Amino acid sequence: MKVDRRILKTQEALKKALTELMTEKSFDHITIQDLSDKANVSRGTIYLHYVDKYDLLDKLIAAHINELRRLCIESAHLSFTEAEIVWFEYFEANYLFFSTMLVSKGAPYFRTQFLEFMIDELREEVDMNEARNRGLNEEVVVRYAASAVVGIMEWWFLNDKPLPPVEMAEQIGMLLDRKL
């Protein structure tokens, strides 16, 4: 079923407004009126699309996590380094969202979802039969790697991308190849 372009345009405006507002203040302090003003839509229009600001945030996060999942599936045949390049291109194209979500104190919910997503993705990559993983608990290995990747990405965004995306992708890819 094809969705009306006006609906998509309104939803995108609201998602963009929320992301921009979160760079200015914590999520808890953002009101529906703030969203209405920033997106240039009525409060009623917001409620036509979302139950509340939490629903909007959930859908915004889900859209990006789903896109990352799709990218993982498409890059399953690539090395970690090649797959990380695909990811960092996506991060750079969506810099405002990821920098806001990973750096903002008002978005721990995103960090938790992102970490769980990374755990799920890396769980498939861990080879417990490798000598380097013998004697280790699989859950510890997976959570260690996922936490490291999320932490490095937070560092990258917090420090305004101190390394180019390709270099970051190569660095993380080599570390994942080495540890998993």
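Everything that follows concerns the structure shown earlier in this document.
Residues numbered from 1 in each chain as written. Predicted model: local features only at pLDDT ≥ 70, side-chain atom pairs only at ≥ 80, totals over all residues. Heavy atoms only, no water.

Caption draft 1: Layout of the overall build of the protein chain. When you go through the protein chain residue by residue, the secondary structure sums to nine helices and zero strands. When the helices and strands of the protein chain are read in sequence order from the N terminus, they spell out α-α-α-α-α-α-α-α-α. For the protein chain, the C-alpha atoms occupy an extent of roughly 60 × 40 × 30 Å along the three principal directions. The burial tally for the protein chain puts 41% of its 180 residues in the buried class. On the protein chain, roughly 10,200 Å² of surface is accessible, and the fraction owed to carbon and sulfur atoms is 53%. When the 22 basic and 30 acidic side-chain charges of the protein chain are each reduced to a single mean position, those positions are 5 Å apart. (Helix = DSSP H or I, 4+ residues; strand = E, 2+ residues; numbered from the N terminus. Buried < 20%, exposed > 50% of the residue type's maximum accessible area, 1.4 Å probe, protein only. Areas by Shrake-Rupley, 256 points an atom, 1.4 Å probe, with all protein chains shown as cover. Lys, Arg positive; Asp, Glu negative; His and termini not counted. Charge placed at Lys NZ, Arg CZ, Asp CG, Glu CD.)

Caption draft 2: Quick look at the layout of surface pockets. Within this model, the largest pocket holds a volume of roughly 330 Å³. Taken together, 17 residues form the lining of the largest pocket, with Cys72, Phe80, Ala83, Glu121 and Glu125 sitting closest to its centre. Counting residues per element, the ones that place at least two in the lining of the largest pocket are α4 (53-74), α5 (80-93) and α7 (108-123). Examining the composition of the lining of the largest pocket, we find that four residues originate from one element, α5, more than from any other. Across the lining of the largest pocket, the residue classes tally to 10 nonpolar, two polar and five charged. The space that makes up the second largest pocket amounts to roughly 280 Å³. Considering the residues around the second largest pocket, the lining is formed by 13 residues, among which Glu12, Lys16, Thr19, His64 and Phe97 are closest to the centre. When residues of the lining of the second largest pocket are traced back to their parent elements, those giving at least two are α1 (5-24), α4 and α6 (95-103). Examining the composition of the lining of the second largest pocket, we find that five residues originate from one element, α1, more than from any other. In terms of residue class, the lining of the second largest pocket is made up of six nonpolar, three polar and four charged. (1 Å grid on protein atoms, 1.4 Å probe; cavity = no way out; pocket = protein on both sides within 12 Å on 5 of 7 lines; lining within 4 Å. Points joined across faces, edges and corners; volume = space filled by probe spheres on them. Nonpolar A, V, L, I, M, F, W, Y, C, P; charged D, E, K, R; others polar.)

Caption draft 3: Expanded view of helix α2 (residues 32-39). Within α2, burial applies to Ile32, Asp34, Leu35, Ser36 and Ala39. Lining the buried residues of α2 we find α1, α3 (43-49) and α4. One or two residues past the end of α2 sits asparagine 40, with phi positive at roughly 60°. (Contact = heavy atoms within 4.5 Å.)

Caption draft 4: Representation of the environment of threonine 81 within the structure. Considering the arrangement of structural elements, one finds threonine 81 in helix α5. Taking the C-alpha atoms as reference points, threonine 81 and methionine 174, separated by 93 residues in sequence, lie 6.4 Å from one another. Beyond its immediate stretch of four places on either side in the chain, threonine 81 contacts Ala169, Glu170, Gly173, Met174 and Asp177.

Caption draft 5: Expanded view of α4. Here α4 contains 22 residues, and its C-alpha end-to-end distance of 32 Å stays within 8% of the 32 Å for a straight helix at 1.5 Å per residue. For α4, the complete set of buried residues consists of Lys53, Asp55, Leu56, Leu57, Leu60, Ile61, His64, Ile65, Leu68, Leu71 and Cys72. If you follow the buried residues of α4, they end up packed against α1, α2, α3, α5, α6 and α7. (Expected span 1.5 Å × (residues − 1).)

Caption draft 6: A look at a nonpolar patch on the surface. Judged by side-chain polarity, Val3, Ile7 and Leu8 come together as a nonpolar surface patch covering roughly 220 Å² of accessible area. You can see valine 3 is positioned in the segment before α1. (Patch = residues over 30% accessible without salt bridge, like charges linked within 9 Å, V, L, I, M, F, W, Y side chains within 5 Å. Salt bridge = Lys/Arg side-chain N within 4 Å of Asp/Glu carboxyl O.)

Caption draft 7: Layout of the nonpolar core. One finds Trp87, Phe91 and Phe114 to be the most contacted residues of the largest nonpolar core, which totals 52 residues. Looking at this core, the elements with two or more residues in it are α1, α2, α4, α5, α6, α7, α8 (138-158) and α9 (165-179). For this core, the element with the most residues is α8, which contributes nine residues. In contact with phenylalanine 114, not counting residues within four places along its chain, are Ile65, Leu68, Trp87, Phe91, Leu102, Val150 and Met153. (Core = buried A, V, L, I, M, F, W, Y, C linked by side-chain atoms within 4.5 Å.)

Shape descriptors only; they carry no functional weight alone.
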